[in-house]
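A look at the structure
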Amino acid sequence: MAAQQDEDFAAMFESTSATAANRGMRRVRTGQMVEGIVAEISTDSVFVDIGAKSEARIERAQLTDKDGKIKVEVGQKIRATVASAGRDGVVLVVHIGRGGVDTRSLELAKDSGVPIEGTVSKAVKAGLEVEIGGVRAFCPASQVDIGYVQELEHLVGQKFFFKVMEVKEGGRSVIVSRKAVLKDERQEQAKGVRERLVVGAELDGIVQSIQAYGAFIDLGGIEGLVHISELGHGRVERVEDVVKIGEPVKVRVVALDTRGTSGDLKISLSMKSSDQPETPHVAADTMLVGKVAEIAAFGVFVDTEQGRGLVPMAELGIPHGADPKRSFPIGKDVEVVVMSRDQKTGKLRLSIKGVAAAEERSNFKSFAQANKKAAGPGKGMGSLGELLKGFEGKLGSGPARAAAAEPAPAAARNDDRRRRV
């Protein structure tokens, strides 16, 4: 009796489990976009687990490159569109166009958004004529690429994937778009890029456009801006002197900012190397020669061999209220003296009016060093009187000097006083 109850309970449990499993099975419809895991790869098919009663099937040719090499592997997640779902199982497609294409295929491509392969047969003023498996379609010029394409002739004979936008008159009037396919590809690329977007990340990009304030870089479906101040460690006058449109560049993410309620992501980039070269030390009172580079409200910028530095208004040596543009036109050669250098930023603070005083200090230092050397090692500079004796020694010696040193007679001194009176 107990054994019979155990068998009934087991049967009931199995039935309940099967019912629950069937309820959890996924039902799909034609044209639906699904996602699954590659379960098996055979000589002619790729089987994908999409959570249905049985594994869905994709023709192997759909997932091979131009050399016939399979592009997926077991365990990989892929997305595809349901081409049919019936007693024979679920058939998926990644794209349409390899093989015969009929009106049903075109309708499926339009409803599902699955790209369809075609060959450009002719370029006309308004766009491109495209052959899709024996069906003639038209791609408007505005739908050829993401950006405007002026010359279309070079596209003739090439194969591309298009999205079917309209199917009319039983397939005799078909409108397609390559731009829609490219936008989808960029969105997929952008997802991958966003996952790697962290401050400090180094990425490859392409210069997309140039503005006066910087360059926009395509990171693969998403754009970032390199401000002109981030194009290099030195000062950059024009963006186009550093980068060109279409040029591949390496950039580093320096800031990420989500704009307001729209959620748009602002990406700030830099082309400066992460290991900035050390700022060379420049001692105060160092004399430099440079050229006036820029006039600002707070001073004059001068380019020197040690880099660009600022001469504040108070250090220009011109009358208060005078126009620095008159005294220091751009390009003028000037002598400056280093007041200080910020070792973190490398910024130089210079003076023009302090040049004369710095020269006097430099000359006195040189004279003192020369006397110290002449006195010999260990003797030092000596007192001020000894230094003055050194000057007297340069005046000459002998009778003439002795005569000059003797006091004049009293009569001569009296005559001299009368003449002064």
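Residues numbered from 1 in each chain as written. Predicted model: local features only at pLDDT ≥ 70, side-chain atom pairs only at ≥ 80, totals over all residues. Heavy atoms only, no water.

**Side note on the sheet that holds strand β18 (residues 307-312)**
The strand order around the closed barrel formed by 5 strands is β16-β17-β18-β20-β19, and the pairing between neighbours is mixed. If you compare each strand with its neighbour and ignore which way they point, the axes differ by 50 degrees on average. Pairing of strand β17 (residues 299-304) with β18 involves 6 bridges; the strand directions are antiparallel. For V302, the partnering residue across the bridge sits in β18 and is G309. (Pairing = 2+ DSSP bridges. Helix = DSSP H or I, 4+ residues; strand = E, 2+ residues; numbered from the N terminus. Axes fitted to C-alpha atoms, helices over the stretch in contact; angles between N-to-C directions.)

**A few points about the side chain of K163**
Among the structural elements, K163 can be located in strand β9 (residues 159-168). For K163, a relative accessible area of 18% gives the class buried. A polar contact of 2.3 Å, which involves the side chain of K163, links it to the side chain of D184. (Buried < 20%, exposed > 50% of the residue type's maximum accessible area, 1.4 Å probe, protein only. Polar contact = N/O pair within 3.5 Å; in protein donor to acceptor, adjacent residues only side chain to side chain.)

**A short note on the pairing of strand β13 (residues 223-227)**
Bridge analysis of strand β12 (residues 214-218) against β13 gives 5 bridges, and the strand direction is antiparallel. Bridge assignment links F216 to a residue of β13, and that residue is L225. Hairpin remark: β12 followed by β13, antiparallel, with 4 residues in the connecting loop; positive phi at G220, about 110 degrees.

**Quick notes on the pairing of strand β1 (residues 33-41)**
Direction of pairing for β1 relative to strand β4 (residues 77-86): antiparallel, over a ladder of 5 bridges. Its bridge partner being in β4, E35 is matched across the sheet by R79. Judged from the 4 bridges that link them, β1 and strand β2 (residues 45-49) form a sheet pairing that is antiparallel. Counted as the bridge partner of E40 is F47 from β2. Here β1 folds back onto β2, and the loop between the two strands holds 3 residues.

**Comments concerning the sheet that holds strand β5 (residues 89-93)**
Read once around its circumference, the closed barrel built from 5 strands follows the order β1-β2-β3-β5-β4, with strand pairing classed as mixed. Neighbour-to-neighbour, the strand axes of the sheet open up by a mean angle of 50 degrees, direction not taken into account.

**Here we look at the packing of aromatic side chains**
Per the stated rule, a full pass over the model turns up 3 aromatic pairs. Arranged with centres 6.3 Å apart and planes meeting at 85 degrees, the rings of Y213 and F216 form a pair that is edge-to-face. The exposure class of F216 is partly exposed, given its relative accessible area of 22%. Each ring, one from F298 and one from F301, has its centre 6.0 Å from the other, and the planes form 85 degrees; the classification is edge-to-face. Here R178 stacks its cationic end above the ring of F160, 4.3 Å away from the centre of that ring. (Phe/Tyr/Trp six-rings, centres within 6.5 Å; stacked < 30°, edge-to-face > 60°. Lys NZ or Arg CZ within 6 Å of the ring centre and 35° of its normal.)

**A word on the confidence of the model for the chain**
Per-residue confidence for the chain gives a mean pLDDT of 77; residues scoring 70 or more make up 76%. When the elements of the chain are averaged for pLDDT, helix α7 (residues 399-405) gives the smallest value, 43, and β2 the largest, 92. Low pLDDT, under 50, characterises residues 12-24; the predicted model gives this stretch 2 contacts beyond four residues in sequence or across chains. Under a pLDDT of 50 for its full length, residues 410-414 has, in the predicted model, 1 contact with residues more than four places off or in other chains. (pLDDT = per-residue confidence, 0-100. Contact = heavy atoms within 4.5 Å.)

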